[in-house]
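What the coordinates show
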Amino acid sequence: QVQLVESGGGLVQAGGSLRLSCAASGRTFSTYGMGWFRQAPGKEREFVAGISWSGGSTDYADSVKGRFTISRDNAKNTVYLQMNSLKPEDMAVYYCAASSKYWGYSIVVVPDVEYDYWGQGTQVTVSS
């Protein structure tokens, strides 16, 4: 079992930055690929960024490439999402998720159905 707790959301003006954190319980964090997803009102949940279990591979949605950076610290059981140049369309509830798929491979898990554990989400609000 892995429990995930997100933090760092809040209100920011367009063009500003936020850093989201996701703290994981358990001693097997380093074996999980991690991802960030978001869901805006009336929209489906979408992939934002992912990182392989070792941190060696990352992937991003086209809409956030060049603005967002995912990273992880396996010693702290934490994954981060640095969000810069925020836009009103980035406003959503952000969720982190953990996937046991592809452990041992430098592959980023993208489909949400391939994630095993989810956090409760943190709200990001961007004012224009």
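Since this is a predicted model, take the numbers as computed values, not measurements.

**Brief notes about the nonpolar core**
- Core analysis: the largest hydrophobic core is formed by 30 residues, its most contacted members being Met-34, Trp-36, Leu-81, Met-83 and Tyr-94.
- Of all the secondary-structure elements, those providing two or more residues to this core are β3 (18–24), β4 (33–39), β5 (46–51), β7 (68–73), β8 (78–83), β9 (92–99) and β11 (122–127).
- Core analysis: the next-biggest nonpolar cluster, separate from the first, contains six residues, Phe-37, Phe-47, Ala-97 and Tyr-115 among them.

**Overview of the side chain of Ser-57**
- Its place among the elements puts Ser-57 in the loop between β5 and β6 (58–60).
- Residue Ser-57 is classed as buried on the basis of its relative accessible area, which comes to 18%.

**So, the environment of Glu-114**
- Position of Glu-114 relative to the elements: it lies in the loop between β9 and β10 (117–118).
- A relative accessible area of 26% means that Glu-114 is categorised as partly exposed.
- For the pair Glu-114 and Arg-27, spaced 87 residues apart in sequence, the C-alpha to C-alpha distance is 21 Å.
- Among all residues touching Glu-114, those that are not within four sequence positions of it are Ser-99, Lys-101, Tyr-102 and Val-109.

**Overview of the pairing of β9**
- Most of β9 is tucked away: seven of the eight residues are buried.
- Bridge count for β4 against β9 is seven bridges, and the pairing is antiparallel. What sits directly across from Arg-38, in β9, is Tyr-94.
- One ladder, built from three bridges, connects β9 with β11; its direction is antiparallel.

**Comments concerning the pairing of β3**
- Among the seven residues that make up β3, five are buried, leaving the element largely enclosed by the rest of the structure.
- Here four bridges tie strand β1 (residues 4–7) to β3, and the two strands are oriented antiparallel to one another. Residue pairing in the sheet places Leu-4 in a bridge with Ala-24 of β3.
- Direction of pairing for β3 relative to β8: antiparallel, over a ladder of six bridges. Looking at the pairing, Ala-23 lines up with Thr-78 of β8.

**Concerning the state of the cysteines**
- Counting across every chain of the model gives one disulfide.
- Here Cys-22 pairs with Cys-96 through a disulfide, and the sulfurs are 1.9 Å apart. On the sign convention where negative is left-handed, the bridge of Cys-22 and Cys-96, at about 45° about the S-S bond, is right-handed. Of this pair, Cys-22 sits in strand β3 while Cys-96 sits in strand β9, and the two are 74 residues apart along the sequence.
- Owing to a relative accessible area of 0%, Cys-96 belongs among the buried residues under this scheme.

**Considerations on the sheet that holds β1**
- Judged by pairing direction, the sheet is antiparallel, and its four strands sit side by side in the order β1-β3-β8-β7 without closing on themselves. The open sheet has two edge strands, β1 and β7, and neither has a second partner. Between one strand axis and the next, the sheet turns through 15° on average, direction left out of account.
- When β7 meets β8, the two strands line up antiparallel, connected through six bridges. Counterpart to Ile-70 in the pairing with β8 is Leu-81.

Rules and cut-offs
- The residue numbering used here restarts from 1 in each chain and proceeds along that chain's sequence as written.
- pLDDT decides what is reported in this predicted model: residues at 70 or higher carry local features, side-chain atom pairs at 80 or more are listed and counted, and totals for whole chains, interfaces and linings draw on all residues regardless.
- Just so you know, side-chain values use all the structure's heavy atoms and leave hydrogens and water out.
- Grouping buried Ala, Val, Leu, Ile, Met, Phe, Trp, Tyr and Cys residues that are joined through side-chain atoms within 4.5 Å yields what is termed a nonpolar core.
- Burial here depends on accessible area, computed with a 1.4 Å probe over protein chains only, as a share of the maximum for the residue type. Under 20% is buried, over 50% is exposed, and the range in between is partly exposed.
- Counting from the N terminus, the helices are DSSP H or I runs at least four residues long and the strands are E runs at least two residues long.
- For this analysis, residues touch if any pair of their heavy atoms sits within 4.5 Å.
- Note: two strands are recorded as paired if DSSP finds a minimum of 2 bridges between them.
- When two cysteine sulfur atoms lie within 2.5 Å, the pair is treated as a disulfide.
- Every axis in this analysis is a line fitted to C-alpha atoms, fitted for helices over the stretch in contact. Angles between the N-to-C directions lie between 0 and 180 degrees.

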